[in-house]
Amino acid sequence: DAGVIQSPRHEVTEMGQEVTLRCKPISGHDYLFWYRQTMMRGLELLIYFNNNVPIDDSGMPEDRFSAKMPNASFSTLKIQPSEPRDSAVYFCASSFTDRGRKAQYFGPGTRLTVT
Amino acid sequence: GDSVTQMEGPVTLSEEAFLTINCTYTATGYPSLFWYVQYPGEGLQLLLKATKADDKGSNKGFEATYRKETTSFHLEKGSVQVSDSAVYFCALRDTGFQKLVFGTGTRLLVSP
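The structure presented is a predicted model; accordingly, all values stated were derived computationally and were not measured.

What counts and how
- Residues numbered from 1 in each chain as written.
- Chains lettered and ligands numbered in written order.
- Predicted model: local features only at pLDDT ≥ 70, side-chain atom pairs only at ≥ 80, totals over all residues.
- Heavy atoms only, no water.
- Helix = DSSP H or I, 4+ residues; strand = E, 2+ residues; numbered from the N terminus.
- Rg over C-alpha atoms; globule rule 2.2 N^0.38 Å.
- Buried < 20%, exposed > 50% of the residue type's maximum accessible area, 1.4 Å probe, protein only.
- Contact = heavy atoms within 4.5 Å.
- Areas by Shrake-Rupley, 256 points an atom, 1.4 Å probe, with all protein chains shown as cover.
- Lys, Arg positive; Asp, Glu negative; His and termini not counted.
- Charge placed at Lys NZ, Arg CZ, Asp CG, Glu CD.
- Salt bridge = Lys/Arg side-chain N within 4 Å of Asp/Glu carboxyl O.
- Disulfide = S-S within 2.5 Å.
- Pairing = 2+ DSSP bridges.
- Axes fitted to C-alpha atoms, helices over the stretch in contact; angles between N-to-C directions.

Quick look at the overall build of chain B now. The helix and strand inventory of chain B stands at 0 helices and 12 strands. Scaling as 2.2 N^0.38, a compact globule of 112 residues should have a C-alpha radius of gyration of about 13 Å, and chain B matches this with 13 Å. Residues classed as buried in chain B amount to 46% of the 112 residues present. Put simply, of all contacts in chain B between residues at least 6 apart along the chain, 56% involve residues at least 24 apart. Here chain B has roughly 5300 Å² of accessible surface; of this, 50% comes from carbon and sulfur atoms. One finds the centroid of the 10 positive side-chain charges in chain B at a distance of 6 Å from the centroid of its 12 negative side-chain charges.

So this is what it looks like as C-alpha coordinates:
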(Lines give C-alpha, C1' and ligand atoms only; values in the text may rest on other atoms or scores of the structure.)
Protein backbone atom coordinates (compact mmCIF):
# COMPACT_ATOMS: atom_id res chain seq x y z
CA ASP A 1 0.00 0.00 0.00
CA ALA A 2 1.61 3.25 -1.15
CA GLY A 3 2.04 5.97 1.41
CA VAL A 4 1.77 9.69 0.86
CA ILE A 5 3.71 10.66 -2.24
CA GLN A 6 5.35 14.04 -2.68
CA SER A 7 7.22 15.55 -5.58
CA PRO A 8 9.74 16.82 -6.16
CA ARG A 9 11.91 15.62 -3.28
CA HIS A 10 14.29 18.51 -3.73
CA GLU A 11 13.76 21.87 -5.38
CA VAL A 12 16.29 24.63 -5.82
CA THR A 13 15.07 27.85 -7.33
CA GLU A 14 15.94 31.50 -7.55
CA MET A 15 14.18 34.23 -5.69
CA GLY A 16 11.15 35.48 -7.57
CA GLN A 17 10.42 32.20 -9.32
CA GLU A 18 7.19 30.25 -8.94
CA VAL A 19 7.42 26.97 -7.08
CA THR A 20 4.82 24.19 -7.13
CA LEU A 21 4.92 21.29 -4.71
CA ARG A 22 2.76 18.25 -5.29
CA CYS A 23 1.14 15.67 -3.06
CA LYS A 24 -0.80 12.46 -3.56
CA PRO A 25 -2.53 11.35 -0.35
CA ILE A 26 -3.19 7.79 0.71
CA SER A 27 -6.16 6.39 -1.17
CA GLY A 28 -9.36 6.65 0.85
CA HIS A 29 -8.10 9.36 3.17
CA ASP A 30 -10.38 12.37 3.30
CA TYR A 31 -8.10 14.86 5.07
CA LEU A 32 -4.96 16.39 3.63
CA PHE A 33 -2.52 18.63 5.47
CA TRP A 34 0.39 20.79 4.37
CA TYR A 35 3.18 21.50 6.89
CA ARG A 36 6.40 23.46 6.79
CA GLN A 37 9.44 22.57 8.91
CA THR A 38 12.35 24.88 9.67
CA MET A 39 14.99 24.94 12.35
CA MET A 40 13.77 28.25 13.65
CA ARG A 41 10.01 27.63 13.74
CA GLY A 42 9.77 23.86 13.95
CA LEU A 43 6.76 22.15 12.37
CA GLU A 44 3.97 24.50 11.27
CA LEU A 45 0.59 23.57 9.84
CA LEU A 46 -0.07 25.70 6.78
CA ILE A 47 -3.47 24.51 5.57
CA TYR A 48 -5.69 21.47 5.58
CA PHE A 49 -8.49 20.12 3.40
CA ASN A 50 -11.45 17.86 4.03
CA ASN A 51 -13.01 16.17 1.02
CA ASN A 52 -11.01 18.52 -1.22
CA VAL A 53 -12.35 21.64 0.51
CA PRO A 54 -9.96 23.95 2.40
CA ILE A 55 -10.99 24.01 6.06
CA ASP A 56 -8.33 26.08 7.76
CA ASP A 57 -5.70 28.15 5.99
CA SER A 58 -4.80 30.32 8.97
CA GLY A 59 -1.25 29.00 8.89
CA MET A 60 -0.53 30.16 5.36
CA PRO A 61 2.14 32.79 5.86
CA GLU A 62 1.03 35.28 3.24
CA ASP A 63 -0.65 35.76 -0.10
CA ARG A 64 2.33 34.41 -1.95
CA PHE A 65 1.27 30.97 -0.77
CA SER A 66 -1.72 29.15 -2.22
CA ALA A 67 -2.94 25.57 -2.07
CA LYS A 68 -5.44 23.62 -4.12
CA MET A 69 -6.96 20.19 -4.07
CA PRO A 70 -8.75 19.61 -7.38
CA ASN A 71 -9.60 16.01 -6.55
CA ALA A 72 -9.23 13.41 -3.81
CA SER A 73 -5.89 12.16 -5.06
CA PHE A 74 -3.94 15.33 -5.71
CA SER A 75 -2.99 18.59 -4.05
CA THR A 76 -0.56 21.39 -4.82
CA LEU A 77 1.12 24.06 -2.75
CA LYS A 78 2.30 27.01 -4.79
CA ILE A 79 4.62 29.84 -3.83
CA GLN A 80 4.67 32.82 -6.15
CA PRO A 81 6.99 34.66 -6.02
CA SER A 82 9.39 32.65 -3.89
CA GLU A 83 11.76 34.26 -1.39
CA PRO A 84 14.85 32.94 0.43
CA ARG A 85 12.93 32.82 3.72
CA ASP A 86 10.63 30.21 2.16
CA SER A 87 13.49 27.73 2.24
CA ALA A 88 12.25 24.81 4.34
CA VAL A 89 11.07 21.22 4.15
CA TYR A 90 7.41 21.02 3.17
CA PHE A 91 5.45 17.96 4.24
CA CYS A 92 2.11 16.68 3.11
CA ALA A 93 0.10 14.38 5.36
CA SER A 94 -3.24 12.63 5.08
CA SER A 95 -5.68 10.98 7.45
CA PHE A 96 -9.09 9.36 7.64
CA THR A 97 -11.98 10.69 9.68
CA ASP A 98 -12.54 8.74 12.86
CA ARG A 99 -13.44 11.20 15.59
CA GLY A 100 -9.81 12.08 16.08
CA ARG A 101 -8.52 8.58 16.73
CA LYS A 102 -6.78 8.08 13.42
CA ALA A 103 -3.21 9.21 12.91
CA GLN A 104 -1.90 11.41 10.17
CA TYR A 105 0.53 9.80 7.73
CA PHE A 106 3.30 11.96 6.38
CA GLY A 107 5.03 12.01 3.06
CA PRO A 108 8.83 12.17 2.72
CA GLY A 109 8.80 15.92 2.23
CA THR A 110 10.08 18.36 -0.36
CA ARG A 111 13.24 20.23 0.57
CA LEU A 112 12.95 23.70 -0.97
CA THR A 113 15.94 25.99 -1.30
CA VAL A 114 15.39 29.49 -2.60
CA THR A 115 18.58 31.35 -3.49
CA GLY B 1 -5.68 26.41 23.50
CA ASP B 2 -4.27 22.94 23.17
CA SER B 3 -0.54 22.55 23.59
CA VAL B 4 2.20 19.94 23.94
CA THR B 5 5.40 20.39 25.92
CA GLN B 6 8.41 18.14 25.40
CA MET B 7 11.70 18.00 27.19
CA GLU B 8 14.53 19.92 25.62
CA GLY B 9 17.13 17.97 23.73
CA PRO B 10 19.41 16.65 22.70
CA VAL B 11 19.21 13.52 24.78
CA THR B 12 22.52 11.70 24.56
CA LEU B 13 22.71 8.05 25.59
CA SER B 14 24.96 5.07 25.19
CA GLU B 15 23.69 1.99 23.42
CA GLU B 16 21.52 -0.26 25.65
CA ALA B 17 20.69 2.60 28.04
CA PHE B 18 17.14 3.26 29.21
CA LEU B 19 15.30 6.08 27.47
CA THR B 20 12.64 8.43 28.74
CA ILE B 21 11.42 11.45 26.80
CA ASN B 22 8.89 13.48 28.73
CA CYS B 23 5.74 14.86 27.18
CA THR B 24 2.90 16.73 28.86
CA TYR B 25 -0.16 18.21 27.27
CA THR B 26 -2.99 20.67 27.72
CA ALA B 27 -6.30 20.01 26.01
CA THR B 28 -9.90 21.05 26.42
CA GLY B 29 -11.44 17.73 25.38
CA TYR B 30 -10.36 14.11 25.42
CA PRO B 31 -7.47 14.01 23.00
CA SER B 32 -5.76 11.17 21.24
CA LEU B 33 -2.00 11.19 21.79
CA PHE B 34 0.77 10.25 19.39
CA TRP B 35 4.51 9.86 19.16
CA TYR B 36 6.11 10.44 15.79
CA VAL B 37 9.75 9.80 14.87
CA GLN B 38 11.76 11.61 12.22
CA TYR B 39 14.98 10.03 10.98
CA PRO B 40 17.53 12.28 9.28
CA GLY B 41 16.35 13.44 5.88
CA GLU B 42 12.97 11.73 6.17
CA GLY B 43 9.38 12.60 6.97
CA LEU B 44 7.61 11.95 10.23
CA GLN B 45 6.57 8.37 10.90
CA LEU B 46 3.92 7.35 13.36
CA LEU B 47 5.63 5.45 16.18
CA LEU B 48 2.73 4.77 18.51
CA LYS B 49 -0.56 6.17 19.71
CA ALA B 50 -3.12 6.00 22.52
CA THR B 51 -6.70 7.12 22.24
CA LYS B 52 -7.99 7.14 25.82
CA ALA B 53 -6.79 7.33 29.41
CA ASP B 54 -4.65 4.41 30.64
CA ASP B 55 -4.11 3.12 27.12
CA LYS B 56 -0.56 2.02 26.41
CA GLY B 57 0.81 2.46 22.92
CA SER B 58 3.78 0.34 21.92
CA ASN B 59 5.90 -0.30 18.87
CA LYS B 60 9.50 -1.37 18.15
CA GLY B 61 10.28 -1.62 21.86
CA PHE B 62 8.97 1.88 22.58
CA GLU B 63 6.08 2.41 24.98
CA ALA B 64 3.99 5.32 26.22
CA THR B 65 1.04 5.34 28.59
CA TYR B 66 -1.76 7.91 28.42
CA ARG B 67 -1.92 9.37 31.95
CA LYS B 68 -4.91 11.65 32.28
CA GLU B 69 -4.26 12.45 35.94
CA THR B 70 -0.83 13.88 35.14
CA THR B 71 -1.67 14.92 31.53
CA SER B 72 1.40 13.08 30.36
CA PHE B 73 2.46 10.67 27.62
CA HIS B 74 6.13 9.92 28.28
CA LEU B 75 8.02 7.83 25.75
CA GLU B 76 10.19 4.99 27.09
CA LYS B 77 12.43 2.28 25.75
CA GLY B 78 14.31 -0.22 27.83
CA SER B 79 17.43 -0.51 25.68
CA VAL B 80 18.18 1.97 22.93
CA GLN B 81 20.16 1.26 19.80
CA VAL B 82 22.27 3.49 17.61
CA SER B 83 19.55 3.18 14.97
CA ASP B 84 17.09 4.90 17.33
CA SER B 85 18.93 8.19 16.86
CA ALA B 86 16.28 10.56 15.51
CA VAL B 87 13.98 13.39 16.49
CA TYR B 88 10.88 12.37 18.43
CA PHE B 89 7.69 14.44 18.36
CA CYS B 90 4.82 14.17 20.81
CA ALA B 91 1.45 15.28 19.43
CA LEU B 92 -2.21 15.40 20.34
CA ARG B 93 -5.45 15.61 18.45
CA ASP B 94 -8.36 16.92 20.45
CA THR B 95 -11.86 15.50 20.24
CA GLY B 96 -13.73 16.65 17.17
CA PHE B 97 -10.68 18.24 15.60
CA GLN B 98 -8.47 16.97 12.83
CA LYS B 99 -5.47 19.20 13.44
CA LEU B 100 -2.48 17.73 15.22
CA VAL B 101 -0.76 19.87 17.82
CA PHE B 102 2.93 19.02 17.93
CA GLY B 103 5.59 19.50 20.53
CA THR B 104 8.88 21.02 19.47
CA GLY B 105 10.61 17.68 19.11
CA THR B 106 13.41 16.03 21.11
CA ARG B 107 16.58 14.90 19.40
CA LEU B 108 17.96 11.56 20.60
CA LEU B 109 21.60 10.69 19.97
CA VAL B 110 22.72 7.15 20.77
CA SER B 111 26.41 6.33 20.70
CA PRO B 112 27.93 2.84 20.41
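What follows picks up the thread again.
Turning our eyes to something else, we now look at the overall build of chain A. Across its full length, chain A holds 0 helices and 11 strands. Helices (α) and strands (β) of chain A occur, in sequence order from the N terminus, as β-β-β-β-β-β-β-β-β-β-β. Principal axes of the C-alpha set define a box for chain A whose edges measure 40 × 30 × 30 Å. Considering only residue pairs separated by 6 or more positions, chain A has 55% of its internal contacts joining residues 24 or more positions apart. For chain A, the distance from the average position of its 13 positive side-chain charges to the average position of its 13 negative side-chain charges is 5 Å.

Residue and element names in this part refer to chain B. Looking at where Thr26 falls in the secondary structure, it is placed in strand S4 (residues 23-26). Judged by relative accessible area, Thr26 falls into the partly exposed class, the value being 44%. As a C-alpha pair, Thr26 and Val37 span 11 residues in sequence and 21 Å in three-dimensional space. Apart from residues lying up to four places away in sequence, Thr26 is in contact with Gly1, Asp2, Ser3 and Leu92.

Attention shifts here to the pattern of salt bridges. Residues and elements named next belong to chain A. Counted according to the given criterion, the structure contains 12 salt bridges over all chains. For Arg36, the salt bridge is made with Glu44, and the minimal N-O distance between the two is 3.2 Å. Accessibility classification places Arg36 together with Glu44 in one group, the buried group. Among the salt bridges present, the one from Asp86 reaches Arg64, with a minimum N-O distance of 2.6 Å. Within this pair, whereas Asp86 is found in the loop between strand S8 (74-79) and strand S9 (88-95), its partner Arg64 is found in the loop between strand S6 (53-56) and strand S7 (65-71), the two being separated by 22 residues in sequence. Each of the two residues, Asp86 as well as Arg64, counts as buried. A single salt-bridge network, built from bridges that share partners, covers Glu62, Arg64, Glu83, Arg85 and Asp86.

What is meant by a disulfide is a covalent connection between two cysteines, made through their sulfur atoms. All names here are of chain A. Within this structure, the stated rule accounts for 2 disulfides over all chains. The disulfide that involves Cys23 links it to Cys92, with 1.9 Å between the sulfurs. Residues Cys23 and Cys92 are joined through a disulfide that is left-handed, its torsion about the S-S bond being -70 degrees. Residue Cys23 is located in strand S3 (residues 19-24), and its partner Cys92 is located in strand S9; the two are separated by 69 residues in the primary sequence. We classify Cys23 as buried; its relative accessible area is 2%. On the basis of relative accessible area, Cys92 is assigned to the buried category, the value being 0%.

Before going further, it helps to examine the sheet that holds strand S3 (residues 19-21) of chain B. Paired through their backbone hydrogen bonds, the strands of a sheet run either parallel or antiparallel. Residues and elements named next belong to chain B. If you walk across this open sheet you meet the 4 strands as S3-S9-S8-S7, and the pairing is antiparallel. Each end of this open sheet is capped by a strand with a single partner; those strands are S3 and strand S7 (56-59). When strand polarity is set aside, the average angle formed by the axes of neighbouring strands in this sheet is 15 degrees. Where S3 and strand S9 (residues 75-77) come together, 3 bridges link them in antiparallel fashion. Along S9, the bridge assignment pairs Leu19 with Lys77.

All we've got here are geometric facts, nothing functional implied.
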